[in-house]
There are 2 protein chains.
Amino acid sequence: MTQLNESLKYFSEHTDDFLRQYQELVRIPSVSTDPEHKADIRAACEFLAAKLRSLGAQHVEIFPTNIHPILFAEIHAEKEGAPTVLIYGHYDVQPVNPIEEWHTPPFEARIDGDYMTARGASDMKGQVMASLAAVESVLAAGPLPVNLKFLYEGEEEIGSPSLESFISTHKELLACDVILNPDSGMLSKDQPTIVYGLRGLLYFEIRVDGPKADLHSGIFGGVVANPANVLADIIARLHNPDGSVAVPGFYDRVLPLTPAEKQRIASVQVEPETLLKLTGSPELYGEAGYTPLERTGARPTLDVNGLYSGFIGEGSKTIIPAYAKAKISCRLVPEQNPDELFELIQAYITSLTPSAVRLTIFKHSGGSAYLADDAPGIEQLAKALGDTWNKPLSYKREGGSVPVTATMLKHLGVKSLLTGFGLPDDRIHSPNEHQHLPTWKLGVQALIRFLLNFDNVH
Amino acid sequence: MTQLNESLKYFSEHTDDFLRQYQELVRIPSVSTDPEHKADIRAACEFLAAKLRSLGAQHVEIFPTNIHPILFAEIHAEKEGAPTVLIYGHYDVQPVNPIEEWHTPPFEARIDGDYMTARGASDMKGQVMASLAAVESVLAAGPLPVNLKFLYEGEEEIGSPSLESFISTHKELLACDVILNPDSGMLSKDQPTIVYGLRGLLYFEIRVDGPKADLHSGIFGGVVANPANVLADIIARLHNPDGSVAVPGFYDRVLPLTPAEKQRIASVQVEPETLLKLTGSPELYGEAGYTPLERTGARPTLDVNGLYSGFIGEGSKTIIPAYAKAKISCRLVPEQNPDELFELIQAYITSLTPSAVRLTIFKHSGGSAYLADDAPGIEQLAKALGDTWNKPLSYKREGGSVPVTATMLKHLGVKSLLTGFGLPDDRIHSPNEHQHLPTWKLGVQALIRFLLNFDNVH
């Protein structure tokens, strides 16, 4: 019996244990955006450290940062000269609000039929546990064909502010031949997917201040500028009528799509009906002249993520609000530089703001886009996915951002393999996030194959 | 010693008792916008009923409505054929949020030096208690020269939805010669003021729905319309660049200001510096071609009162919000019809809304504007204010709305006397609302004189 079959057998016999550990991790509410969850973040980190020790890791170390710790671990291969695979992951999750829209408590991790519902079940604790289950299954059936390094951060959902300085100061420690980043997803249950392109991210906040306090709109309506109206006006001018972004210079570095690119994107099977069903929107909408997948994968976008001003409770309150604010993020494509774009946006918005209010703009985070269809290990991954699903592979340019991939390339000189076993309807970042467990199980099998595909003897 | 002097003496001797009763009323958190305060609203109503009984009212009755009760009471004059003065008031208050901006608990009613700080201290529990203190002082010193009727509602801050049907079905009960409505204020400590014009109000809410749930802005940014961006776009188009309202037909019924009107408004002493100091805004702003007081008093306005969409907590969340909503109100001038305007606004906003989102608009409340410089009793009030302050009277057109005045005129055929002893910096509807007590005391003295001015013998 081959190591592959024994590993798969071990996994199928211990699937319930693995699911229990998966639930344990998901039940830790490690919300990185909320300072109140600092201890939970730490707990999630400790949980993974313990798990890695139990796998026999020779080196497990938790590195403190200004915000949330980074976990590093290493498991050596038996034979000399084996390649080194670095597995990246993050153990932090998005906030859960609006809490009232969850059908089960967000950190209960309830398993109901084919799904586990919880914040982080898909993004990305499920993917983290899939990798660890694969490693354990391989180790249980024989020698490890590769050296493994693990890098787990707790700040991905807040833009990984500490990661780059950590990587740049620990190049030796992180040196590797292959990087596996399972923080991506599949196009559908039947489409194992390798993402070869990701958009970058620029996240910023605008605040417009007017009166020193909320004013009676009757007594003062007509004398002062209303910050909420001014903010709406600014946001409205960030787009052109054709759906393109109106910030001067926004597209300057955007490369036109090549016919080959357009063809590759078109080859991905996603019907407009599917997108309507997934989103629940009455109609598709976006930049004129591009297909939906071109817009999500290969074109930059600008979206308001949050708006607040004045009175938003029950009933009515007749005030001119003291201030109004908006959270806004841009998805970027290769060659766009987040810092440069922030300067452009700041200058443009400042030019739009009347002197009757005070404007504040600040940047939350930024990351460059990423393009890689030649990452080392791609054959091993492609074969593993193909053998597991017996379906044609999908190569995809995706709209999401994984800034760490660009950072890794810059400092370690290795392009990341982006895959994962979440599905488009997992509702990540939304209420009732869930993971499709049959897909998760196939994912573990695929990762077992992926690791063993590095074994030349095998 | 005249009844006037004895009444003034009684008030000065019992000022502390009156202030204690005033605090008692203010301490009842009768927030009408919030269903959770239903019992407090009731308690405030009962408090006033008890107070009126203690003044010897022959008839005190609490009328239930669909929301909050209406209180009626009557105190007869001794002599036949005395005129009847109806005193209007409301015992409900605005919400307190943002609660964290209050320096003392909003319902503690702390008296510190010249000020009582509390929600409702100025708008308008202070004015209600001033009237009752005046009535008690007059009664303590002799016969009542007028028949008094009292009408107190608990829904003024939510647009008085029950009041009109009550008034129209109780014309007999409310029949009167003079109506005193102390729900207005003074221009400054030294400017006793009679308001002869008020703007009307139209309050509505817009909601824009897009996706069925918040979406990951990376995966879906570029495929669907973002409700927050769409809402901002709609709001931006409600005004023209010159600050005027862009809704077609909005100004159709607005009468041009006559030179006499302009002159009367100009005669009111309010410096731009004063408005900047009061509001804390960096600059004055509004419809081109009109002075600040013309804009607040004699021109209609449209203001956003509240905005909400998506994620507004700490940190960042990269979503396309499922929906966005705005609370908006218009201040109206005479001849403008709130219902007609709502139709116009609804049609205009609908025409601006792309089919890629779902739009909902609903009306909270509406009331017509009011113009009256010939209200019965105006001589008695003018003399009372003049004798109390020994300062020239200010006649003012005000931006606020008191829809009840229009309703009273329509059903009882009597124009209301609008005055009050709040000041522009009382921060009504804002955190740290307060009442200037020396002004309040002069107010009580003025109301004592007002009542006695109806006594021909005197």
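Since this is a predicted model, take the numbers as computed values, not measurements.

(A) Structural detail: the overall build of chain A. Each helix and strand counted, chain A has 14 helices and 18 strands in total. Judged by the C-alpha coordinates and their principal axes, chain A covers about 85 × 50 × 45 Å. Residue burial in chain A is summarised as follows: out of 458 residues, 63% are buried. About 16400 Å² of surface is accessible on chain A, with carbon and sulfur atoms providing 51% of the total.

(B) Up close: the interface of chain B and chain A. Every contact between the two is made by 86 residues of chain B and, on the other side, 86 residues of chain A. Between chain B and chain A, roughly 7600 Å² of surface is buried when both sides are summed, and carbon and sulfur atoms account for 55% of that area. When the area that chain B buries against chain A is broken down by residue, the three leading residues are Val223, Leu307 and Lys317 of chain B, summing to 9%. Counting across the chain B and chain A interface gives 0 salt bridges. Here strand β11 (residues 301–310) of chain A runs beside strand β11 (residues 301–310) of chain B; their pairing, made up of 5 bridges, is antiparallel. Each bridged residue has a counterpart across the sheet, and for Gly306 of chain A the counterpart in β11 of chain B is Gly310 of chain B.

(C) The arrangement of the pattern of salt bridges in detail. With the rule as written, the count across this model stands at 34 salt bridges over all chains. For Asp387 of chain A, the salt bridge is made with Lys383 of chain A, and the minimal N-O distance between the two is 2.7 Å. On the criterion of helical spacing, the pair formed by Asp387 of chain A and Lys383 of chain A is a turn pair, its members being 4 residues apart in helix α12 (residues 378–389). For Lys383 of chain A, a relative accessible area of 47% puts it in the partly exposed group. Arg237 of chain B serves as the salt-bridge partner of Asp233 of chain B, at 3.0 Å between the closest nitrogen and oxygen.

(D) Structural detail: the sheet that holds strand β13 (residues 323–332) of chain B. Strand order across the open sheet formed by 8 strands is β14(A)-β9(A)-β13(A)-β11(A)-β11(B)-β13(B)-β9(B)-β14(B), with antiparallel pairing between neighbours. Because the sheet does not close on itself, it has two edges, and the strands there are β14 (358–367) of chain A together with β14 (358–367) of chain B. On average, each strand axis in the sheet is inclined to that of its neighbour by 20°, with strand direction left out of account. Docked against the sheet, helix α7 (residues 227–236) of chain A engages β9 (200–209), β11 and β13 (323–332) of chain A together with β11 of chain B, running at close to 15° with respect to β13 of chain A.

(E) A look at the domain arrangement of chain A. Residue and element names in this part refer to chain A. The assigned domain composition of chain A is domain 1 (3–198 + 369–452) and domain 2 (201–251 + 300–366). The straight-line distance from the C-alpha centre of domain 1 to that of domain 2 is 36 Å. At the surface where domain 1 touches domain 2, the tally comes to 0 salt bridges. There are 0 residue pairs in polar contact (both at pLDDT 80 or more) connecting domain 1 and domain 2. Grouping the constituent residues of the side of domain 1 that touches domain 2 by class yields 4 nonpolar, 4 polar and 1 charged.

(F) Local environment of the nonpolar core. By size, the foremost hydrophobic cluster in this structure holds 67 residues, and its most contacted members are Leu48, Leu148, Phe150, Tyr152 and Phe450 of chain A. With sequence-adjacent residues up to four places away left out, Phe150 of chain A is seen in contact with Leu52, Leu71, Phe72, Ala73, Ile75, Leu86, Ile87, Leu132 and Val135 of chain A.

(G) Looking closely at the environment of Ser168 of chain B. All names here are of chain B. Within the secondary structure, Ser168 sits in helix α4 (residues 163–169). Put simply, Ser168 and Lys410 are 242 residues apart on the chain and 8.8 Å apart in space, counted from C-alpha to C-alpha. Within polar-contact distance, the side chain of Ser168 engages the backbone oxygen of Ser165 at 2.9 Å.

(H) Local environment of the packing of aromatic side chains. All names here are of chain A. By the definition in use, this model includes 22 aromatic pairs over all chains. In textbook terms, an aromatic cluster arises when at least three aromatic residues are bridged by ring pairs, as seen for Tyr10, Phe11, Phe18, Tyr22 and Trp440. When the ring centre of Tyr323 is taken as reference, the NZ or CZ atom of Arg207 above it lies at 3.8 Å.

(I) Focus on the packing of helix α3 (residues 125–141) of chain A against helix α14 (residues 437–452) of chain A. Residue and element names in this part refer to chain A. The contact between α3 and α14 brings their axes to 8 Å, and the two run at 50°. What the angle tells us is that α3 and α14 run oblique. The way α3 lies across α14 gives a crossing that is right-handed. Between α3, through Gly126, Met129, Ala130, Ser131, Ala133, Ala134, Val135, Ser137 and Val138, and α14, the contact on the second element is made entirely by Trp440, Val444, Leu447, Ile448, Leu451 and Leu452.

(J) Expanded view of the side chain of Gln435 of chain A. Summarising the element assignment, Gln435 of chain A is placed in strand β18 (residues 434–436). Leaving out residues up to four positions away in the same chain, Gln435 of chain A has contacts with Tyr22, Asp114, Tyr115, Met116, Ala121, Ser122, Gln127, Phe421, Gly422, Asp426 and Trp440 of chain A.

(K) Main features of the sheet that holds strand β5 (residues 115–117) of chain B. Residue and element names in this part refer to chain B. Strand order across the open sheet formed by 3 strands is β4-β5-β18, with antiparallel pairing between neighbours. Looking along the sheet, the strands with just one partner apiece sit at the ends: β4 (110–112) and β18 (434–436). On average, each strand axis in the sheet is tilted by 20° relative to the strand beside it, whichever way the strands run. Across 3 bridges, β4 lies against β5 in antiparallel orientation. The residue bridging Ile111 from the neighbouring strand is Met116, located in β5. Along the sheet, helix α1 (residues 3–26) contacts β4, β5 and β18; its crossing angle with β5, the most-contacted strand, is approximately 20°.

(L) Main features of the relation of the copies chain B and chain A. Between chain B and chain A, which share one sequence, the superposing operator has a rotation angle of 180° and an axial displacement of 0.0 Å; the RMSD is 0.0 Å. Classification of the inter-copy transformation places it as that of a two-fold axis. In this assembly the copies share their binding face: 100% of the residues contributing to the interface of chain B also contribute to that of chain A.

(M) Structural view of the packing of α12 of chain A against α14 of chain A. Residues and elements named next belong to chain A. Running from N to C, α12 and α14 cross one another at 135°; their axes reach a closest spacing of 8 Å. Between α12 and α14, the angle falls in the class oblique. Judged by the sense of rotation from one axis to the other, the crossing of α12 with α14 is right-handed. The segment α12 lies against α14, with Gln380, Leu381, Ala384, Leu385, Asp387, Thr388 and Trp389 engaging Thr439, Leu442, Gly443, Gln445, Ala446, Arg449 and Phe450. Along the lines of polarity and charge, the residues of the contact of α12 with α14 split into 7 nonpolar, 5 polar and 2 charged.

(N) Highlighting the pairing of strand β2 (residues 70–75) of chain B. Residues and elements named next belong to chain B. Counted residue by residue, β2 has 6 buried out of 6 residues, so it is predominantly covered. Covered by surrounding structure in β2 are Ile70, Phe72 and Glu74 together with Leu71, Ala73 and Ile75, the residues of both alternating faces. Where strand β1 (residues 59–63) meets β2, 5 bridges bridge the pair, whose relative direction is antiparallel. By the bridge assignment for β2, Glu61 is matched with Phe72. Taken together, β1 and the strand that follows it, β2, pair antiparallel across an intervening segment of 6 residues. Across 5 bridges, the pairing between β2 and strand β6 (residues 147–153) is antiparallel. Considered in β6, the bridge of Ala73 is made with Phe150.

(O) A look at the state of the cysteines. Residue and element names in this part refer to chain A. Under the criterion given, the structure shown has 0 disulfides over all chains. Free cysteine: Cys176, not disulfide-bonded; nearest cysteine sulfur from Cys45 at 20 Å. Judged by its relative accessible area of 14%, Cys176 is buried.

Reading guide: rules and limits
Residues numbered from 1 in each chain as written. Chains lettered and ligands numbered in written order. Predicted model: local features only at pLDDT ≥ 70, side-chain atom pairs only at ≥ 80, totals over all residues. Heavy atoms only, no water. Helix = DSSP H or I, 4+ residues; strand = E, 2+ residues; numbered from the N terminus. Buried < 20%, exposed > 50% of the residue type's maximum accessible area, 1.4 Å probe, protein only. Areas by Shrake-Rupley, 256 points an atom, 1.4 Å probe, with all protein chains shown as cover. Contact = heavy atoms within 4.5 Å. Buried area = accessible area lost by both parts, 1.4 Å probe. Salt bridge = Lys/Arg side-chain N within 4 Å of Asp/Glu carboxyl O. Pairing = 2+ DSSP bridges. Axes fitted to C-alpha atoms, helices over the stretch in contact; angles between N-to-C directions. Domains from an automatic or database assignment. Polar contact = N/O pair within 3.5 Å; in protein donor to acceptor, adjacent residues only side chain to side chain. Nonpolar A, V, L, I, M, F, W, Y, C, P; charged D, E, K, R; others polar. Core = buried A, V, L, I, M, F, W, Y, C linked by side-chain atoms within 4.5 Å. Phe/Tyr/Trp six-rings, centres within 6.5 Å; stacked < 30°, edge-to-face > 60°. Lys NZ or Arg CZ within 6 Å of the ring centre and 35° of its normal. Parallel < 35°, antiparallel > 145°, perpendicular 65-115°, else oblique. Left-handed = near helix turned anticlockwise from the far one by under 90°. Least-squares fit on C-alpha atoms with pLDDT ≥ 70 in both. Disulfide = S-S within 2.5 Å.

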